[in-house]
Amino acid sequence: MRRTAFFLSDGTGITAETLGNSLLTQFEGITIERVTIPYVDSPEKATSAVTRINDATSRDGAPAIVFDTIVKQDIRDIIMSSRGVMFDVFDTFLKPLEEQFGISSSYTSGKCHSINEFSTYHKRIESVNFALENDDGGRQQDYSKADIILIGVSRCGKTPTCLYMALQFGVRAANYPLTPEDLALPGLPDTLMAHREKLYGLTIDPFQLASIRHERRNNSRYGSLDQCEWEVDEVEKRFRQNGIMCINTTHFSIEEIATRIMDDVGLARGVA
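Residues numbered from 1 in each chain as written. Predicted model: local features only at pLDDT ≥ 70, side-chain atom pairs only at ≥ 80, totals over all residues. Heavy atoms only, no water.

## As for the sheet that holds strand 3 (residues 65-68)
Taking strand neighbours across the sheet as the criterion, the four strands line up as 2-1-3-4 in an open arrangement whose pairing is parallel. Sheet topology places strand 2 (31-37) and strand 4 (85-88) at the edges, where each strand pairs with a single neighbour. Sheet twist, expressed as the mean angle between neighbouring strand axes with direction ignored, is 20°. By the bridge criterion, four bridges tie strand 3 to strand 4 in an arrangement that is parallel. (Pairing = 2+ DSSP bridges. Helix = DSSP H or I, 4+ residues; strand = E, 2+ residues; numbered from the N terminus. Axes fitted to C-alpha atoms, helices over the stretch in contact; angles between N-to-C directions.)

Have a look at this one:
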């Protein structure tokens, strides 16, 4: 079965995408083509979106699924004239909330992803810059300012996890790759042990690691299974010896890894 799902918004479309995709992932065995149309903020754009929805409905032989977060009623009326099945995110949730709070919502588009408070936005940008500057063991003199320091072998997911936590939650995350040179010595580097309470380990299945490294450096010792098995074994041994919490990243998305880490260490979601 093939269906098309549209995410429409008079803003970025991120909210419609996030909620819509969360619901769609619950259904297996269906091939779903996802189409996001942001900034549907004029009758002309709404009419164009209706054409695309109707075309997809005709092609699939079944109504397109439409998730929308459009605020203006005149734009919504045009979208509702399509042959798609509508799931209005705002109407579904705002009406019950208005009843509970006893007031009307502002019905303002884009508020969730706009810069409502400069201080919050500034913290997010500062955290991203911190993660970039402290990537792969950079600026170790700044580790005292870090909220968390991720450690693990090369290519186990440290950098994207740090950037995600910084961008989404304003977390100052540094990361340090434990190299073969580090692992040839007992324990952990002194620069890390000086901040023992901030360390969190990432590990990974050696076969997965070898596959990732093979794409980066084909036919190299760096990507060999023997090397990957040795590094992972040595890293996990040090995690155990030092009582460092860790997560195996093999089967988790970056979002799941970050959330589990923050829950384990009690990091607040500063700018979520």
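So that's the structure; there's more coming.
## Here we look at the environment of Asn54
Mapped onto the elements of the fold, Asn54 is located in helix 2 (residues 43-60). Exposure remark for Asn54: the relative accessible area of 19% places this residue in the buried category. In this structure, the C-alpha to C-alpha distance between Asn54 and Glu234, residues 180 residues apart in sequence, is 57 Å. Discounting chain neighbours no more than four positions away, the residues touching Asn54 are Ser82 and Arg83. (Buried < 20%, exposed > 50% of the residue type's maximum accessible area, 1.4 Å probe, protein only. Contact = heavy atoms within 4.5 Å.)

## Notes on the side chain of Thr4
Within the element layout of this structure, Thr4 appears in strand 1 (residues 2-8). On the basis of relative accessibility, which here comes to 1%, the residue Thr4 falls in the buried class. In terms of polar contacts, Thr4 uses its side chain to reach the side chain of Arg59, at 2.8 Å. Excluding residues within four positions of it along the chain, Thr4 makes contact with Glu33, Val35, Ala56, Arg59, Asp60, Ala64 and Ile65. (Polar contact = N/O pair within 3.5 Å; in protein donor to acceptor, adjacent residues only side chain to side chain.)

## Comments concerning the sheet that holds strand 8 (residues 246-248)
Within the open sheet, the four strands sit side by side as 6-5-7-8. Their pairing is parallel. Looking at strand neighbours, the two that pair on one side only are strand 6 (173-177) and strand 8, the edges of this open sheet. Averaged over all pairs of adjacent strands, the angle between strand axes in this sheet comes to 25°, irrespective of strand direction. As judged from the three bridges shared by strand 7 (residues 199-203) and strand 8, these two strands associate in the parallel manner. Among the inter-strand pairings, Thr203 is bridged to a residue of strand 8, identified as Asn248. Set on the sheet, helix 10 (residues 225-241) makes contact with strand 5 (148-152), strand 7 and strand 8; between it and strand 7 the angle comes to about 150°.

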